[in-house]
Structures are given as structure tokens and as C-alpha cells.
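Okay, here's what each chain looks like letter by letter:
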Amino acid sequence: MSRIGRLPVVIPEGVSVDVKNGNVVTVKGPKGTLERALPAEMEIKVENGHVVVSRPNDLKKMKSLHGLTRSLIHNMVVGVSTGFTKTLEVNGVGYRAQKQGKKLVLALGYSHPVEMEDPEGLESKVDGNKIIISGIDKEKVGQFAAEIRDKRRPEPYKGKGIKYADEVIRRKVGKTGKK
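The structure contained in this document is the topic of the report that follows. (Residues numbered from 1 in each chain as written. Predicted model: local features only at pLDDT ≥ 70, side-chain atom pairs only at ≥ 80, totals over all residues. Heavy atoms only, no water.)

### Observations regarding helix α2 (residues 138-150)
Move 1: Taking 1.5 Å as the rise per residue, α2 with 13 residues should run 18 Å; its terminal C-alpha atoms sit 18 Å apart, in good agreement.
Move 2: Where α2 is concerned, the buried positions are Val141, Gly142, Phe144, Ala145, Ile148 and Arg149. For α2, the arc enclosing every buried residue in end-on projection is 165°, short of the 170-degree limit, so these residues lie on one face.
Move 3: Where the residues of α2 are buried, they touch β7 (84-91), β9 (103-107), β10 (114-117), β11 (122-127), β12 (130-135) and β13 (161-164).
Move 4: The backbone nitrogen of glutamate 139 lies 3.2 Å from a side-chain oxygen of the residue at the head of α2, namely aspartate 137. (Helix = DSSP H or I, 4+ residues; strand = E, 2+ residues; numbered from the N terminus. Expected span 1.5 Å × (residues − 1). Buried < 20%, exposed > 50% of the residue type's maximum accessible area, 1.4 Å probe, protein only. Arc of directions from axis to C-beta. Contact = heavy atoms within 4.5 Å. Polar contact = N/O pair within 3.5 Å; in protein donor to acceptor, adjacent residues only side chain to side chain.)

Here it is, written out as C-alpha cells:
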């Protein structure tokens, strides 16, 4: 049995989960509503405050879909109740981030400022050298954070660039002079 898949997803207070035919799961909560079509092979049931996912047989594909389906439902429930955040740090001389309305403007050592629009349903805040992205969809939050980081990845010599707050950069030693 899948260790993750067999765990029931607890539905917190103020959150409602609705499963329609074709395994279209709708989760409503205080922060918003998420809807997602999940694998049709899985059996999703809502019973006394829990969501239980079960699989039809023990084929390898079914085993992997079992845990995936449960994790996706769990992320939707957590998203509409508490939400998700990712924090990025901008490091480097002259590297800056600022907000202009719904635009995130980054000065990253290029000849032009890099402008990024906040996607639908996400919000970004700038606090000094930190960029905080928050939203209810874990996938969108992670994707937008990855796109921002991609504009200037951290380099291993001085550590300049945009990195996740919890990321550790493996530093390298620079050049050594001739003897």
C-alpha cells in the first residue's frame, strides 16, 4: 500500500471538498476556490471530515497515481485554508527588486530593468532584498518563483543572483595568482 496515498486528508473547519463525476475535485475555503481534474482511475471519497483515495489494483502506474492524487488533494486543501508562500533573496551589488503596481521590477546587472507581471491569483511583495510570493495554488507559486530565479541564477564565486531563502549555494574558490 502507498504510504502517502493511504493517509486520509483531513478537511479543516470552513473548507468544503466536492467530487464530481470524472474525478473533478473542487475545494472551497476562506482564501478561495481551486478546481482540478484528477486521474479517473482513482476512487476519491469524502467521508466524515476526511478525503480518502483508493486505487483499483496494484499495477505500478496505479501505485504512483495513488500517492500523487492524495498529495494534489492535500495541497489544494492546505492552499485554500492557509495558502503557500515562497521567499527569494536578491544578492549582489546594485541588484534590486521593487514593486510598481502589479509589476515586479528587477535590476539585475543587465542593461535594462527586468519587469515581471504577477500571474492571476498570485501576489508578490518586496521587503528589502527579499521577494515574497504568495497564493493558494502551490504549483503556480513554485513556478513563478522559479521563473523569477531564472532571470539571474546565483553564481558559485560571489553568490550574486536570485536564490531561494532556504537554498544553500555551493561556493567555489576563485583564481589564484602565479607564483
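Next comes the rest of the account.
### Observations concerning helix α1 (residues 60-81)
Move 1: If you check α1, its first and last C-alpha atoms are 33 Å apart, about what 22 residues at 1.5 Å a residue would give, namely 32 Å.
Move 2: The set of residues buried in α1 consists of Met62, Leu65, His66, Gly67, Thr69, Arg70, Leu72, Ile73, Met76, Val77, Gly79 and Val80.
Move 3: One or two positions beyond α1, positive phi appears at glycine 83, with a value near 85°.

### Quick look at the nonpolar core
Move 1: If you look at the biggest cluster of nonpolar residues, it comprises 20 residues, and the most contacted ones within it are Val17, Val25, Val27, Ile44, Val51, Ile73 and Val77.
Move 2: For this core, the element with the highest residue contribution is α1, accounting for seven residues.
Move 3: Apart from residues lying up to four places away in sequence, valine 51 is in contact with Pro8, Val9, Ile11, Val17, Ile44, Lys45, Val46 and Ile73.
Move 4: Within the second largest apolar cluster, 18 residues are counted, among which are Phe84, Met116, Ile133 and Ala145. (Core = buried A, V, L, I, M, F, W, Y, C linked by side-chain atoms within 4.5 Å.)

### Considerations on the pairing of β10
Move 1: Residue alternation in β10 divides its side chains into a buried set, Val114 and Met116, and an unburied set, Glu115 and Glu117.
Move 2: Pairing geometry for β9 and β10, over four bridges, is antiparallel. Paired with leucine 106 across the two strands is valine 114, which belongs to β10. (Pairing = 2+ DSSP bridges.)

### Quick look at the packing of aromatic side chains
Move 1: Overall, the coordinates contain zero aromatic pairs when judged by the stated rule.
Move 2: Against the face of tyrosine 164 rests lysine 86, its NZ or CZ located 5.3 Å from the ring centre.
Move 3: The ring of tyrosine 110 carries arginine 152 above its face, with NZ or CZ at 4.4 Å from the centroid. (Phe/Tyr/Trp six-rings, centres within 6.5 Å; stacked < 30°, edge-to-face > 60°. Lys NZ or Arg CZ within 6 Å of the ring centre and 35° of its normal.)

The quantities given are spatial measurements derived from coordinates; they are silent on function.
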